[in-house]
Amino acid sequence: MHSLTPSSGISLKSVRRPAPFRLVPTRLVTQCAYRFDSANAPNAAANASAPAPAPPPSLTNYSGGVGRSRADWQSSCAILASKVVSQQQDTKTAGGADNLTAVNGHKTLDLVPIDNLPRPLTITDLSPAPMHGSDLRVAYQGVPGAYSEAAAGKAYPNCEAIPCDQFEVAFQAVELWIADRAVLPVENSLGGSIHRNYDLLLRHRLHIVGEVQLPVHHCLLALPGVRKEYLTRVISHPQALAQCELTLTKLGLNVAREAVDDTAGAAEFVAANNLRDTAAIASVRAADLYGMQILADGIQDDSSNVTRFVMLAREPIIPRTDRPFKTSIVFAHDKGTSVLFKVLSAFAFRNISLTKIESRPHRNCPIRLVDDANVGTAKHFEYMFYVDFEASMAEVRAQNALAEVQEFTSFLRVLGSYPMDMTPWCPSRGD
Ligand SMILES: O=C(O)C(=O)C[C@]1(C(=O)O)C=C[C@@H](O)C=C1
């Protein structure tokens, strides 16, 4: 896939927008608050699939460890935040406590956490996490005009949307306290699951705190004056290309399809490079932002094209029973798929509906060999199973179902228990 980030050498100076965040690779894993997270249990597959990373170099002298208390966590994040490189921050004064304070918004952070002693709680430790409103910083993958930005706005009206060049960066932005939430696509009604984000949900320790379903209305965008006949290439996010596959053919476009990082980034790329033979599939907002002409409107293969996004936070929300909730879990068993029926029965017996099941390769143990002296060796694939079910973790039936599931699984983690998106159905529009 092409990357359209400024690092690809393409000058985007003509388009004025905040540059997406890019982070230096670093990993930090928080502790999971859910009772059913067996990641810390001996032999847990989670440990195999998401091993606690060695502390990054700047933390190697930090004998207090990471994640033992909220205060430790904040200090660690402050240090890790100093590793953040963004184009925005490059222009600011480099290094120093002031810089970190600006990034994290915690004026009282002690940035030299040398000793083992627990740090006293401060008033900032006790303040509740922001929920809605203009102060909330929400990370998304893509550039302004991406559907993920629209999803962030739907989930948290008036939030400050923070563009990130990769999904992984959006996770890290929350872990490093640069953002309060991340909003990430997990599945589309036409294109299916966004597998990368399932894998990242497991690798990182953020919690799903909500979901939004966004009608996705695609347009074919080209530079002003360009006609369809001039086109030799259409570029967009692979999901968007997949969602418009049939319509592109129906439009009689004999063009190469090329995948890039995000839809709006595709529009920006065409505009910034004055490409008259290339169209982008993106939103109406992207057309406005990057001065593109709409050659065809509503080109998704199905008018009810919807993408489901999840909202992620450092802390889980407290599950409730006064409104419809969904719970997302991931589990594995070292005896392969034979456990699946038992797990599904645990929900069926309690009348709990499953809304989604997804399997992904078990990264640490992808193949299981079963030797039969007479016949040879069977090579079975091993999986992580992701299940969404319609119940809140505050409900006894959900707790009992998971207690039963835990008996059959070598690893079980609750990714989040959160309110379902119950907004009235309104099919895809161009706004
Ligand atoms: O490229 C974008 O605009 C995105 O927000 C990403 C994304 C995706 O990953 O599926 C989101 C919604 C649409 O389904 C198409 C693309």
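If you check an unreviewed UniProt entry, the protein chain appears there as Arogenate dehydratase from Escallonia rubra. The UniProt entry for the protein chain carries the following comment under Subcellular location (unreviewed entry): "Plastid, Chloroplast stroma". What the UniProt record of the protein chain gives under Pathway (unreviewed entry) is the line "Amino-acid biosynthesis; L-phenylalanine biosynthesis; L-phenylalanine from L-arogenate: step 1/1."

Brief notes about the site of the ligand
If you check the shell around the ligand, you find 13 residues, and the closest are Tyr-147, Ser-148, Gln-243, Thr-263 and Thr-307. Separating an oxygen atom of the ligand from a side-chain N or O atom of Ser-148 is a distance of 2.6 Å. Between Thr-307 and the ligand, the recorded distance is 2.8 Å, taken from a side-chain N or O atom to an oxygen atom. For the ligand, whose accessible area on its own is 360 Å², the fraction buried by protein is 100%. Of all elements in the fold, only helix H6 (147–155), strand E5 (181–188), helix H9 (238–243) and strand E13 (306–313) reach the threshold of two or more residues within the shell around the ligand. Its residues placed into classes, the shell around the ligand shows five nonpolar, seven polar and one charged.

As for the pairing of strand E9 (residues 233–236)
Burial along E9 is two-sided: Arg-233 and Ile-235 and Val-234 and Ser-236, pointing in opposite directions, are all buried. By the bridge criterion, four bridges tie E9 to strand E10 (residues 256–259) in an arrangement that is parallel. Along E10, the bridge assignment pairs Ser-236 with Ala-259. Strand direction decides the pairing type here: E9 and strand E11 (residues 278–282), joined by three bridges, are parallel. In the sheet register, Val-234 faces E11, and the bridge partner there is Ala-279.

Quick look at a nonpolar patch on the surface
Taken together, the side chains of Ile-367, Leu-369 and Phe-381 define a hydrophobic patch exposed on the protein surface, amounting to about 320 Å² of accessible area. Looking at where Phe-381 falls in the secondary structure, it is placed in strand E17 (residues 376–381).

Topic: the pattern of salt bridges
For the structure shown, the criterion picks out 18 salt bridges. Between Glu-229 and Arg-227 there is a salt bridge, with its nearest N and O atoms 3.0 Å apart. The class for Glu-229 is exposed, based on a relative accessible area of 56%. Residue Arg-397 is joined to Glu-395 by a salt bridge in which the shortest nitrogen-to-oxygen separation is 2.7 Å. Salt bridges sharing partners connect three or more residues here, namely Glu-187, Glu-211, Arg-308, Lys-326, Lys-356, Glu-358 and Asp-388.

Focus: the environment of Asp-288
By secondary structure assignment, the location of Asp-288 is in helix H12 (residues 284–290). With 16 residues separating them along the chain, Asp-288 and Ser-304 place their C-alpha atoms 23 Å apart.

Section: the nonpolar core
Formed by 36 residues in total, the largest nonpolar core has its most connected members in Leu-220, Leu-221, Val-234, Leu-248, Ala-267, Ile-281 and Met-292. Those elements that provide at least two residues to this core are strand E8 (219–222), E9, H9, helix H11 (263–272), E11 and H12. In terms of residue count, the dominant contributor to this core is H11 (five residues). Once residues within four sequence positions are removed from consideration, Ala-267 is found in contact with Leu-221, Ala-280, Ala-282, Ala-286, Tyr-290 and Met-292. Membership of the second largest hydrophobic core comes to 31 residues, among which are Leu-200, Val-330, Met-384 and Leu-415.

Scoring rules and cut-offs
- Residues numbered from 1 in each chain as written.
- Predicted model: local features only at pLDDT ≥ 70, side-chain atom pairs only at ≥ 80, totals over all residues.
- Heavy atoms only, no water.
- UniProt positions renumbered as here; feature names shortened; annotations may be inferred.
- Near = heavy atom within 4 Å.
- Polar contact = N/O pair within 3.5 Å; in protein donor to acceptor, adjacent residues only side chain to side chain.
- Areas by Shrake-Rupley, 256 points an atom, 1.4 Å probe, with all protein chains shown as cover.
- Helix = DSSP H or I, 4+ residues; strand = E, 2+ residues; numbered from the N terminus.
- Nonpolar A, V, L, I, M, F, W, Y, C, P; charged D, E, K, R; others polar.
- Buried < 20%, exposed > 50% of the residue type's maximum accessible area, 1.4 Å probe, protein only.
- Pairing = 2+ DSSP bridges.
- Patch = residues over 30% accessible without salt bridge, like charges linked within 9 Å, V, L, I, M, F, W, Y side chains within 5 Å.
- Salt bridge = Lys/Arg side-chain N within 4 Å of Asp/Glu carboxyl O.
- Core = buried A, V, L, I, M, F, W, Y, C linked by side-chain atoms within 4.5 Å.
- Contact = heavy atoms within 4.5 Å.

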